[in-house]
Amino acid sequence: MYYLGIDLGTSNIKTLLMDGACRVIESGETSVIRSEQSDGAVEQDISQIYSALCDAIKQIVTKYSPEKIVSIGISSQGGAILPLSDNITPAGKVISWLDTRGEKYNNRLTEKLGSEFFALHTGYFEAIMFPGQFLRLKTEQPEFFAGIKQWGFVGDVIVGMLTGRRVHDFTSLSISGLLNPYEKRADTDLLNELGVDEEQLPTLQNAFSVAGSINKKTAAETGLADGTPVSPAVHDQYAAAIAANVMQNGDVMLATGTAWVLVAVTDKMQNPITPKAFSCPHPVDGLYGQMVPLGTGGSIIEWAMKTIGHENVTTSAVDEFLKKADQENKFKIDPILETGVGTTEIPMNDKPKNLIYTVVLGLANQTLNQLNLMKHAGMEVKRLILTGPASQSEIIPSIITKITGLKVDCFTESAASAYGAALIAKKINES
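1. Here we look at the overall build of the protein
And then number 1: Across its full length, the protein holds 16 helices and 21 strands.
And then number 2: Relative to the globule expectation of 22 Å for 431 residues, the C-alpha radius of gyration of the protein, 21 Å, shows essentially globular dimensions.
And then number 3: Taking the principal axes of its C-alpha atoms as reference, the protein extends roughly 60 × 55 × 40 Å.
And then number 4: Of all 431 residues assigned to the protein, the portion counted as buried reaches 57%.
And then number 5: Within the protein, contacts between residues at least 6 apart in sequence are counted, and of these 68% link residues at least 24 apart.
And then number 6: Of note, the protein has its 36 positive side-chain charges centred 3 Å away from the centre of its 48 negative side-chain charges.

Listed below in structure tokens is the structure:
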């Protein structure tokens, strides 16, 4: 008996097969294509994403009998919008969460309704993602906009292509900027402001429920067995939190990808703790999450390595510099973390290895600052769990422990979101 986890990432589709003892026994991966333009457009083709998904699934089902895969879980990039001409047919391209063309419309809407409105109605202090892109299309492409009948996001559209039902969970709708986290549904006032009918959005269900089953068409296209149950689409950071067992009040996950992100679990819903924090229900009933981006992370480590002439930005290569670093010769890192990579405010002198140490130290201090804000807001911080590349480091966890005063547990599975999706698949099979 096996469980298939699928992660619909921005750059890659990952698949992971897990057995009944929660051991990873096989994995697959296929890249997806992004189109980027100078005007801020970042788009993808849903048919290419689906084709990549089929390829990543076949990497597994050609080795293991599809009849033994009893359920499937779906994790997805968040906030990637797909206009639809009917319930499932694309009207255009996927508008990536990286696309900046809607920002000015989101800014105008925030000015109109106010930050407090959004904190209370969406769990974020600003209009983000969907509202801005919706208003952009309505204003700048009225003829195209007139043909849009439904609105989807990558995760629920893929679930719909697999099963015939477009379904996602609270975390997915939250990152789109539409979920009222207190009511656990799309916010009525915001939808009315935009002129969107709730019926135009995908079905909203608990993550640990069955969205639908693989149909004959997709069984033929993917190699999966007809009738295999599929979960709703879950936001990838929360799928990773499930993988790392970040599912109790006081648990905090530090995801260390290109950007470092904190996901803190609490037993009560409250306003976001910072202007850039997202508050929403956790996939586990009765729990809530605060998702707090640090603003940088792996990208600044990569910048630092390349600045000192090293293109090989592996965790082991970073560790070598950290081992050698003169920790008494520390440079100020805060200006870089605030203004972004590419600044030259750190003196290099004759010890470039200190740059790597100082960057990691700065990230650890950024983590501490956010944890202190959580505590100040009345949240408990009991346990810190590291995922992503830094979880495989020999040195970075100890630096974070030294700065935060918290013991750091490491979840080292590289495909954490896909693993979390497989755990969701296991849960829906057992329910």
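This is not the end of the story, as more comes after the structure.
2. Some remarks on the pattern of salt bridges
And then number 1: One pass over the structure, following the stated rule, counts 21 salt bridges.
And then number 2: In this structure, E43 engages R101 in a salt bridge whose closest nitrogen and oxygen atoms are separated by 3.1 Å. Of this pair, E43 sits in strand β5 (residues 42–44) while R101 sits in the loop between β8 (94–95) and α2 (103–113), and the two are 58 residues apart along the sequence.
And then number 3: On the accessibility criterion, R101 (17% relative accessible area) is buried.
And then number 4: A salt bridge links D409 to K407, with the shortest nitrogen-to-oxygen separation between them at 2.6 Å.
And then number 5: By relative accessible area, K407 is classed as exposed at 63%.
And then number 6: Shared partners join several salt bridges into a network, and the residues in it are D251, R383, K407 and D409.

3. A few points about the environment of A91
And then number 1: Structurally, A91 can be placed in the loop between β7 (81–84) and β8.
And then number 2: Residues within four places of A91 in sequence aside, it is in contact with P83, L84, S85, F144 and I148.

4. Here we look at the packing of aromatic side chains
And then number 1: Inspection of every chain in the model, using the stated rule, returns ten aromatic pairs.
And then number 2: Residues F145 and W151 carry aromatic rings whose centres are separated by 6.2 Å and whose planes lie at 45° to one another, so their mutual orientation is tilted. In this pair, the class of F145 matches that of W151, namely buried.
And then number 3: Judged by centre distance (5.6 Å) and plane angle (55°), the ring pair of F411 and Y419 falls under tilted. The two residues F411 and Y419 agree in class, both being buried.

5. What about helix α16 (residues 416–430)?
And then number 1: For α16, built from 15 residues, the straight-helix expectation of 21 Å at 1.5 Å per residue is met to within 8% by its first-to-last C-alpha distance of 21 Å.
And then number 2: Judged by how many residues are buried, α16 sits mostly within the fold: twelve of 15 residues are covered.
And then number 3: Of the surrounding secondary structure, the elements contacted by the buried residues of α16 are β1 (2–8), β2 (12–19), β3 (24–31), β6 (69–76), β15 (229–235) and α10 (236–243).

6. Quick word on the side chain of T367
And then number 1: Within the fold, T367 resides in helix α14 (residues 353–376).
And then number 2: Residue class for T367 comes out buried when judged on its relative accessible area of 0%.
And then number 3: Non-local contacts of T367, meaning those with residues more than four positions away in its chain, are made with L254, W260, L262, L294 and T404.

7. Remarks on the confidence of the model for the protein
Note that predicted coordinates carrying low pLDDT should not be read in detail.
And then number 1: Mean pLDDT over the protein: 92, with 94% of residues reaching 70 or higher.
And then number 2: Low pLDDT, under 50, characterises residues 330–350; the predicted model gives this stretch 36 contacts beyond four residues in sequence or across chains.

8. Things to note about the environment of G298
And then number 1: Locating G298 in the fold gives a position in helix α11 (residues 298–307).
And then number 2: Expressed as a C-alpha distance, the spacing of G298 and T258, which sit 40 residues apart in the sequence, is 4.3 Å.
And then number 3: Once residues within four sequence positions are removed from consideration, G298 is found in contact with G257, T258 and W260.

9. Considering the packing of α10 against α16
And then number 1: For the pair α10 and α16, the least separation of the axes is 7 Å and the interaxial angle reads 70°. Between α10 and α16, the interaxial angle falls into the category roughly perpendicular. Together, D236, A239, A240, I242 and A243 of α10 and A416, S417, Y419, G420, A421, L423 and I424 of α16 make up the contact between the two elements.
And then number 2: For the contact of α10 with α16, the per-class residue count stands at nine nonpolar, two polar and one charged.

What counts as what
- Residues numbered from 1 in each chain as written.
- Predicted model: local features only at pLDDT ≥ 70, side-chain atom pairs only at ≥ 80, totals over all residues.
- Heavy atoms only, no water.
- Helix = DSSP H or I, 4+ residues; strand = E, 2+ residues; numbered from the N terminus.
- Rg over C-alpha atoms; globule rule 2.2 N^0.38 Å.
- Buried < 20%, exposed > 50% of the residue type's maximum accessible area, 1.4 Å probe, protein only.
- Contact = heavy atoms within 4.5 Å.
- Lys, Arg positive; Asp, Glu negative; His and termini not counted.
- Charge placed at Lys NZ, Arg CZ, Asp CG, Glu CD.
- Salt bridge = Lys/Arg side-chain N within 4 Å of Asp/Glu carboxyl O.
- Phe/Tyr/Trp six-rings, centres within 6.5 Å; stacked < 30°, edge-to-face > 60°.
- Expected span 1.5 Å × (residues − 1).
- pLDDT = per-residue confidence, 0-100.
- Axes fitted to C-alpha atoms, helices over the stretch in contact; angles between N-to-C directions.
- Parallel < 35°, antiparallel > 145°, perpendicular 65-115°, else oblique.
- Nonpolar A, V, L, I, M, F, W, Y, C, P; charged D, E, K, R; others polar.

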